[in-house]
Amino acid sequence: MPKLAPHSLLLLSLAPAVAATIWGSTYLVTTELLPPARPLTASAIRTLPAGLLLVLFTRSFKPTVSIGRLLTLAIVNIGAFQALLFVAAYRLPGGLAAIVGALQPLIVLLFAWVVDQERPPRIALGATVSGVLGMALLFLSSTAQLDLVGIIAALAGTISMAAGTFLARRWRNEMPVLAFTGWQLGLGGAMLMPLALWLEPPLPPLSSANGFGYAYLVIVGTLFAYSLWFWGISRLQPVAVSALGLLSPITAIVLGWFALNQQLGGREVAGILLVFASIGIFQLRLPLSPSLRTEPQMSRSEKVLNRPVAR
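From a predicted model like this one, the values you see are computed outputs, not experimental measurements. (Residues numbered from 1 in each chain as written. Predicted model: local features only at pLDDT ≥ 70, side-chain atom pairs only at ≥ 80, totals over all residues. Heavy atoms only, no water.)

Caption draft 1: Spotlight on a nonpolar patch on the surface. A contiguous nonpolar patch, built from Leu110, Trp113, Val114 and Val115 and spanning about 350 Å² of accessible area, is present on the exposed surface. Within the fold, Val114 resides in helix 6 (residues 104-116). (Patch = residues over 30% accessible without salt bridge, like charges linked within 9 Å, V, L, I, M, F, W, Y side chains within 5 Å. Areas by Shrake-Rupley, 256 points an atom, 1.4 Å probe, with all protein chains shown as cover. Salt bridge = Lys/Arg side-chain N within 4 Å of Asp/Glu carboxyl O. Helix = DSSP H or I, 4+ residues; strand = E, 2+ residues; numbered from the N terminus.)

Caption draft 2: Spatial organisation of the pattern of salt bridges. Applying the stated criterion to the full structure yields 2 salt bridges. Linking Asp116 and Arg170 is a salt bridge whose minimum nitrogen-to-oxygen distance equals 3.0 Å. One end of the pair, Asp116, is in helix 6; the other, Arg170, is in helix 8 (residues 148-171), and 54 residues separate them in sequence. With relative accessibility at 42%, the residue Arg170 sits in the partly exposed group. For Arg267, the salt bridge is made with Glu268, and the minimal N-O distance between the two is 3.6 Å. A relative accessible area of 41% means that Arg267 is categorised as partly exposed. (Buried < 20%, exposed > 50% of the residue type's maximum accessible area, 1.4 Å probe, protein only.)

Caption draft 3: Inspection of unusual backbone geometry at higher detail. One non-glycine residue, Ala37, lies in positive phi territory at about 60°. Positive phi outside glycine occurs at Arg59, with the angle close to 55°. Its place among the elements puts Arg59 in the loop between helix 3 (39-58) and helix 4 (67-91). Note on Arg59: relative accessible area 65%, which makes it exposed.

Caption draft 4: The confidence of the model for the protein chain, seen in detail. Here the protein chain averages 82 in pLDDT, while 84% of its residues score no lower than 70. Between residues 287-311, whose pLDDT stays under 50, and residues either more than four places distant or in other chains, the model counts 29 contacts. (pLDDT = per-residue confidence, 0-100. Contact = heavy atoms within 4.5 Å.)

Caption draft 5: Highlighting the packing of helix 3 against helix 10 (residues 208-235). Contact geometry of helix 3 with helix 10 gives a least axis separation of 9 Å together with a crossing angle of 55°. With respect to helix 10, the axis of helix 3 lies oblique. Helix 10 is crossed by helix 3, and the crossing has right-handed handedness. Mapping the contact onto sequence places Ala42, Ile45, Arg46, Thr47, Pro49, Ala50, Leu53 and Leu54 in helix 3 and Tyr214, Leu217, Val218, Gly221, Thr222, Leu223 and Ser227 in helix 10. The class makeup of the residues in the contact of helix 3 with helix 10 is 10 nonpolar, 4 polar and 1 charged. (Axes fitted to C-alpha atoms, helices over the stretch in contact; angles between N-to-C directions. Parallel < 35°, antiparallel > 145°, perpendicular 65-115°, else oblique. Left-handed = near helix turned anticlockwise from the far one by under 90°. Nonpolar A, V, L, I, M, F, W, Y, C, P; charged D, E, K, R; others polar.)

Caption draft 6: The side chain of Arg169, seen in detail. Secondary-structure assignment places Arg169 in helix 8. Judged by relative accessible area, Arg169 falls into the buried class, the value being 7%. Side-chain polar atoms of Arg169 contact the backbone oxygen of Leu236, separated by 2.8 Å. (Polar contact = N/O pair within 3.5 Å; in protein donor to acceptor, adjacent residues only side chain to side chain.)

Caption draft 7: The nonpolar core, seen in detail. The biggest cluster of nonpolar side chains holds 61 residues, and the ones touching the most others in it are Met135, Leu138, Phe180, Trp229, Phe230 and Val275. With 9 residues, the top contributor of residues to this core is helix 10. Residues contacting Val275, with those up to four places away along its chain left out, are Ser130, Gly131, Gly134, Met135, Leu138, Leu246 and Ile250. (Core = buried A, V, L, I, M, F, W, Y, C linked by side-chain atoms within 4.5 Å.)

Caption draft 8: Structural detail: helix 8. Under the 1.5 Å per step criterion, the end-to-end length of helix 8 is 34 Å for 24 residues, consistent within 8% with the ideal 34 Å. Downstream of helix 8 by one or two residues, Asn173 has phi in the positive range, about 60°. (Expected span 1.5 Å × (residues − 1).)

Caption draft 9: Molecular detail of the environment of Trp229. On the secondary structure map, Trp229 appears in helix 10. For Trp229, a relative accessible area of 2% puts it in the buried group. Through-space distance from the C-alpha of Trp229 to that of Ala20 is 7.7 Å; in sequence the pair is 209 residues apart. Dropping the residues within four chain positions of it, Trp229 is found in contact with Pro16, Ala19, Ala20, Trp23, Met161, Thr165, Val241, Ser242 and Gly245.

Caption draft 10: Representation of the environment of Val87 within the structure. Secondary-structure assignment places Val87 in helix 4. Along the primary structure Val87 and Pro39 are separated by 48 residues, whereas in three dimensions their C-alpha atoms are 9.2 Å apart.

Caption draft 11: Focus on the packing of aromatic side chains. Summed over the entire model, instances satisfying the criterion amount to 5 aromatic pairs. Relative to Phe230, the ring of Phe180 lies with its centre 6.0 Å away and its plane at 80°, an arrangement referred to as edge-to-face. Taken together, the positions of Phe180 in helix 9 (residues 177-199) and Phe230 in helix 10 put the pair 50 residues apart, joining distant regions of the chain. Take Phe180 and Phe230: they sit in the same class, and that class is buried. An angle of 25° between the planes, with centres 6.0 Å apart, marks the rings of Tyr226 and Phe230 as stacked. Here Tyr226 and its partner Phe230 are both found in helix 10, 4 residues apart, which amounts to about one turn of the helix. Note on accessibility: Tyr226 and Phe230 belong to one class, buried. Grouping aromatic residues by their ring pairs yields a cluster made of Trp23, Phe180, Tyr226, Trp229 and Phe230. (Phe/Tyr/Trp six-rings, centres within 6.5 Å; stacked < 30°, edge-to-face > 60°.)

This is the structure:
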């Protein structure tokens, strides 16, 4: 497969970049519009309906990917990740979970090293350091208290999402992206719902603001954003997609500055620039390894439609 030109990579990166940017608004919507102290309920409400809607829309009631693989992806991409994310968010101050999350692109490369015997390029270390330093400048304060359980949850959540990004590219096969997304969301939401009912108090009567917040999370933050994210995974190397996830905390801090009058000074601007540098390196400078260049298997008709053309 010919190497894509930089501008082509940037265009392909636009969809998952939009998804990650949308996810950055989740914090603002949650704190300003949703009932408090119900993270698992919010996760279940945003994932289960979106998944059911996508499965009904695509009419993919009999998936071409095995149920075992779909369950694994639903756990690592949705169920376990969401639960671990909120544990980390509640126990770690100052966005420390975002700093640990900046390790995700390197973890994806480590999966490729372990599974496909592809040694990560040295430039990945520099890109990862840039992302971690950027997040530290954005969020870490001198008074931050480290919590071991929170750190473990943040690291486990990062590994979970990295594994999901890596495996989703390998396992999609011929299943349409929207159906593939819907099954993962639906199964993940079905796992989260019993936990939410068991561990959290019932929802109070919802206001119009609450209803708008949940509708935004279901339609924009989940159905639309996850479809874009998995579309990107189906076309780009997993490490490039995972690096775009660093846009989420940037969006969160910019929205906090714009909507909530939160501080955004020179240190934060420097952090944003470092994160953008990390994203740029992962998108444009890392060579595509053989397995990451491998396209998902296509049907015979798709192969005809996707014959190479002159460039």
